[in-house]
Amino acid sequence: STDVDDVAALCIANQLERLGEIRIKAVMHNTGLATGVGAVSAINHWYGHDHIPIGAYKGSFAADQPGRYVPWLVRAYPSPIKNSSQVPDAVALYRSVLAAAPNHSIVLVSIGFMSNIAGLLTSQPDSTSPQGGVELVRAKLAAIAWMGGRYPNANSSGPEWNFGGGCRHTVPCPETPGWTSTAVQAMQEAGVKMVFTGWEMGSQIQSGGSLYECANASSPCRAAFEQYFAKREPWPGRESWDPANTLYAARGLGEWWVPHAVGHNSVNGSSGVNWWEGEGRERQQFLVLQEGRQRLSGRPLAFCCAWFRSRVVAHTGEIPGGDS
């Protein structure tokens, strides 16, 4: 909820749902910020996707970090959900969605902290499913597209934010390294295909600047960028860690990425520092941008613009939060 590339990823996923390329089974919010799910709901509602279930992490982790755009989206845009008291616990929703899914049919897209995923993987059999978390994931996931870490290693630069951050930048964060290590090890135990997109890859792709031209104030996607950049116009693009991961999960390697498919990811459970090791093929990869990577800058959100422009026609003159 603190970085606007989270919004870009959710807008891309909603657009892909609208195009019929994917079906979003649920969206989970992974910090204790109560209004975070309200921002998710505002974006889903604007796209007409109130049917998508939303789950929330119910602990206190990062509960005091609303970021620059969450309060505005929750206040200014209509949505059926405003806070986490209105939605189920994310682990319970994960278990319900996976239990109902056909085997090996779900691609899990992770663009944040591992609070909920670690909780899922350590969950016990219950009335939803007789399978524990590892067994349920082994049966139901086709793959996980995972934004987190630095590749081939983070030893010299410290942990990447999703793997070891989450607290204030100047304060050590005790929870996230343990969650990350637990999740990576348990996914490996489950034999799930893991594809990692790292900090160094997403930092080379800029997106979101096009929203200044192609979306008006009725779009919560535009509003989030506007608030994030403190209404500086035109705003620049933002590094695209989460959008790139989401686009890969939906459309595959395409002309943009090549996989490094030898070895596996390891994570220090105390620091969140990760490193790549080993020489075998172990159903784990990290993505590398192909030559000419500049071609991808602007692309993650560009295909949304035709939809945004159609919404501009429908909403000209309306205040933020207009609905079609």
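Please refer to the structure higher up on the page.
From a predicted model like this one, the values you see are computed outputs, not experimental measurements. (Residues numbered from 1 in each chain as written. Predicted model: local features only at pLDDT ≥ 70, side-chain atom pairs only at ≥ 80, totals over all residues. Heavy atoms only, no water.)

(A) Geometry of the packing of helix α6 (residues 133–140) against helix α8 (residues 175–190). At a minimum axis separation of 9 Å, α6 and α8 run at an interaxial angle of 55°. Between α6 and α8, the crossing angle belongs to the class labelled oblique. α6 and α8 meet at a crossing whose hand is right-handed. Between α6, through Val 134, Val 137 and Arg 138, and α8, the contact on the second element is made entirely by Ala 186, Met 187, Glu 189 and Ala 190. Classifying every residue of the contact of α6 with α8 by side-chain character gives five nonpolar, no polar and two charged. (Axes fitted to C-alpha atoms, helices over the stretch in contact; angles between N-to-C directions. Helix = DSSP H or I, 4+ residues; strand = E, 2+ residues; numbered from the N terminus. Parallel < 35°, antiparallel > 145°, perpendicular 65-115°, else oblique. Left-handed = near helix turned anticlockwise from the far one by under 90°. Contact = heavy atoms within 4.5 Å. Nonpolar A, V, L, I, M, F, W, Y, C, P; charged D, E, K, R; others polar.)

(B) Examining the packing of aromatic side chains more closely. Enumeration over the complete set of coordinates arrives at 16 aromatic pairs. Sitting over the ring of Tyr 228, Arg 68 keeps its end group 4.8 Å from the ring centre. Against the face of Trp 199 rests Arg 150, its NZ or CZ located 4.7 Å from the ring centre. (Phe/Tyr/Trp six-rings, centres within 6.5 Å; stacked < 30°, edge-to-face > 60°. Lys NZ or Arg CZ within 6 Å of the ring centre and 35° of its normal.)

(C) Region of the structure containing the pattern of salt bridges. In the structure shown here, the tally under the stated rule is four salt bridges. Across the pair Arg 238 and Asp 3 runs a salt bridge whose closest N-O atoms are separated by 2.8 Å. Of the two residues, Arg 238 sits in strand β7 (residues 238–239) while Asp 3 sits in the segment before α1 (5–18), which places them 235 residues apart along the sequence. A salt bridge links Asp 126 to Arg 95; its shortest N-O distance comes to 3.0 Å. With Asp 126 in the loop between α5 (115–121) and α6 and Arg 95 in helix α4 (residues 90–100), this residue pair connects regions lying 31 residues apart in the sequence. Owing to a relative accessible area of 35%, Asp 126 belongs among the partly exposed residues under this scheme. A residue is classified by how much of its surface remains accessible, and Arg 95, at 2% relative accessible area, is buried. Linked through salt bridges whose partners overlap, the residues forming this network are Asp 3, Arg 238 and Glu 239. (Salt bridge = Lys/Arg side-chain N within 4 Å of Asp/Glu carboxyl O. Buried < 20%, exposed > 50% of the residue type's maximum accessible area, 1.4 Å probe, protein only.)

(D) Quick look at the packing of α4 against α6. Closest axis-to-axis distance for the α4/α6 pair is 9 Å, and the angle between their directions is 40°. With respect to α6, the element α4 is oriented oblique. Two packed elements cross with a definite hand, and for α4 against α6 that hand is left-handed. Two secondary-structure elements touch here, α4 through Arg 95, Leu 98 and Ala 99 and α6 through Gly 133, Leu 136, Val 137 and Lys 140. Grouping the constituent residues of the contact of α4 with α6 by class yields four nonpolar, one polar and two charged.

(E) Inspection of the sheet that holds strand β8 (residues 257–260) at higher detail. A sheet is described by the order of its strands in space; here five strands give the open sequence β3-β4-β5-β11-β8, paired in mixed fashion. Strands with a single pairing partner mark the edges of an open sheet, and in this sheet they are β3 (106–110) and β8. For this sheet, the mean angle separating the axes of adjacent strands, direction not counted, is 25°. Contacts from α8 reach β3, β4 (141–147), β5 (194–197) and β11 (284–289), with the element oriented near 155° to β4. (Pairing = 2+ DSSP bridges.)

(F) Molecular detail of the nonpolar core. Judged by nonpolar contacts, the single largest core of 40 residues is most densely connected at Ile 117, Val 137, Trp 146 and Met 187. Of all the elements in the fold, those that place two or more residues in this core are α4, β3, α5, α6, β4, α8 and β5. Ranked by residues supplied to this core, first place goes to α8 with six residues. Among residues more than four places away in sequence, those in contact with Val 137 are Leu 98, Leu 120, Leu 121, Met 187, Ala 190 and Val 192. Within the second largest apolar cluster, 37 residues are counted, among which are Val 4, Ala 13, Tyr 77 and Ile 81. (Core = buried A, V, L, I, M, F, W, Y, C linked by side-chain atoms within 4.5 Å.)

(G) Just the pairing of β5, in detail. Burial of the side chains of β5 extends over both faces: Met 194 and Phe 196 are buried on one face and Val 195 and Thr 197 on the other. Pairing of β4 with β5 involves four bridges; the strand directions are parallel. Paired with Met 147 across the bridge in β5 is Thr 197. Pairing between β5 and β11: three bridges, direction parallel. Within β11, the position partnered with Val 195 by the bridge is Gln 285.

(H) Focus on the environment of Pro 243. With respect to the helices and strands, the residue Pro 243 is situated in helix α12 (residues 241–251). Taking the relative accessible area as the measure of exposure, Pro 243 reaches 0% and is therefore buried. It is 9.4 Å that separates the C-alpha atoms of Pro 243 and Ile 205, two residues lying 38 residues apart in sequence.

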